[in-house]
Amino acid sequence: MHKDDKIKKIQRNNEDFERRYKIMKKTLVVLALAMTVALAGCGSKGASDKSDAIADGVLTVGTNAEFPPFEYVGDDGEPDGFDMALIKAIGEKMGVKVEVENMEFDSLVASIGSKIDVAIAGMTVTDERKNMVDFSDPYYEAVQYVIVPADSTIASASDLEGKTIGVQLGTTGDFIVEDIPDATASQYNKGVDAVNDLINGRVDAVIIDKNPAEVFAEKFGDDVKVIDGADFDFEAEEYAIAMPKGDEALVSAVNQALKDIKEDGTFDELVATYIEQN
């Protein structure tokens, strides 16, 4: 090949390389910009995510106002109690209006995501419920107590075997009776109805959470006595707020509000008002 032809070929190759390099450089710049925009978009979405449940500015809360001092019907006919005060304080921190629906305890979990946005009702965190809903951070630790007639000899776990035991439908007490040999559960929508049947001799004992047990003991005076669940080897349990499965934005917002309430002293004030005074 002639020397001049070689030079021309080299020049063409160099020009072709430069052209390809420029195209490649532009492509890389475009890709980098696209990735930056995409990442910025993701960051922005994460920061501004808001649950659809509260998009209308209203948090619809389900409860069962038959569980004093956590929830009960107040003198004005509306649900009141520690849980009601707590969820209203949480709603205030979240900047939403709280509306409460009173319903049967056993229907609360199934209603979340349709009739109600969340449920707070002295609800214990269990693996079974976690399959259906997500829970907030726990806000209260409780234990089951046993209420018996004042003259009863029931004093330990073995004494409950073969007995008829009153429980509120769908509560921890209801589940406990399933594991007591030969015991029969008599289920009620209201805890107070179980205690009334206890006094009237229709059941041998009632299993219910400590705080309502103490309220009922005070209400029914000399007719009943309460026994610490530790004497029956009952384990402590945790209450939390139930929310729709997979609604991470709502869980995060509720947990942050709950954290703020504990840090600013509001939580302790509610405990003193609704629980420690009972």
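Quick summary incoming for the structure in this document. Note that the structure is predicted; figures quoted are calculated from it, not measured.

### Quick word on the overall build of the protein
Link 1 in the chain: Within the protein, the regular secondary structure consists of nine helices and 15 strands.
Link 2 in the chain: Counting over 278 residues, the protein shows a buried share of 44%.

### Observations regarding the pattern of salt bridges
Link 1 in the chain: For the structure on display, the rule yields six salt bridges.
Link 2 in the chain: Linking Asp 264 and Lys 93 is a salt bridge whose minimum nitrogen-to-oxygen distance equals 2.8 Å. In this pair, Asp 264 is assigned in the loop between α8 (248-263) and α9 (266-276) and Lys 93 in helix α2 (residues 82-94), connecting sequence segments 171 residues apart.
Link 3 in the chain: With relative accessibility at 43%, the residue Lys 93 sits in the partly exposed group.
Link 4 in the chain: Note that Lys 97 and Glu 99 form a salt bridge whose closest N and O atoms lie 3.6 Å from each other.
Link 5 in the chain: Lys 97 sits in the exposed class, given a relative accessible area of 52%.

### Some remarks on the sheet that holds strand β3 (residues 71-73)
Link 1 in the chain: Spatially, the three strands line up as an open sheet ordered β2-β3-β4, and their pairing is antiparallel. Because the sheet does not close on itself, it has two edges, and the strands there are β2 (66-67) and β4 (79-80).
Link 2 in the chain: Relative to β4, β3 runs antiparallel, the two being bridged by two bridges. Of the residues in β4, the one forming a bridge with Val 73 is Pro 79.

### Things to note about α2
Link 1 in the chain: Here α2 is 13 residues long and its end C-alpha atoms lie 18 Å apart, about the 18 Å a rise of 1.5 Å per residue gives.
Link 2 in the chain: The buried count for α2 comes to ten of 13 residues, which makes it a mostly enclosed element.
Link 3 in the chain: Burial in α2 covers these residues: Phe 82, Asp 83, Met 84, Ala 85, Leu 86, Ile 87, Ala 89, Ile 90, Gly 91 and Met 94.
Link 4 in the chain: Buried residues along α2 sit in contact with β1 (58-63), β3, β4, β5 (97-102), α8 and α9.
Link 5 in the chain: Positive phi shows up at Gly 95, right after α2, with a value of about 75°.

Quick notes on the rules
Residues numbered from 1 in each chain as written. Predicted model: local features only at pLDDT ≥ 70, side-chain atom pairs only at ≥ 80, totals over all residues. Heavy atoms only, no water. Helix = DSSP H or I, 4+ residues; strand = E, 2+ residues; numbered from the N terminus. Buried < 20%, exposed > 50% of the residue type's maximum accessible area, 1.4 Å probe, protein only. Salt bridge = Lys/Arg side-chain N within 4 Å of Asp/Glu carboxyl O. Pairing = 2+ DSSP bridges. Expected span 1.5 Å × (residues − 1). Contact = heavy atoms within 4.5 Å.

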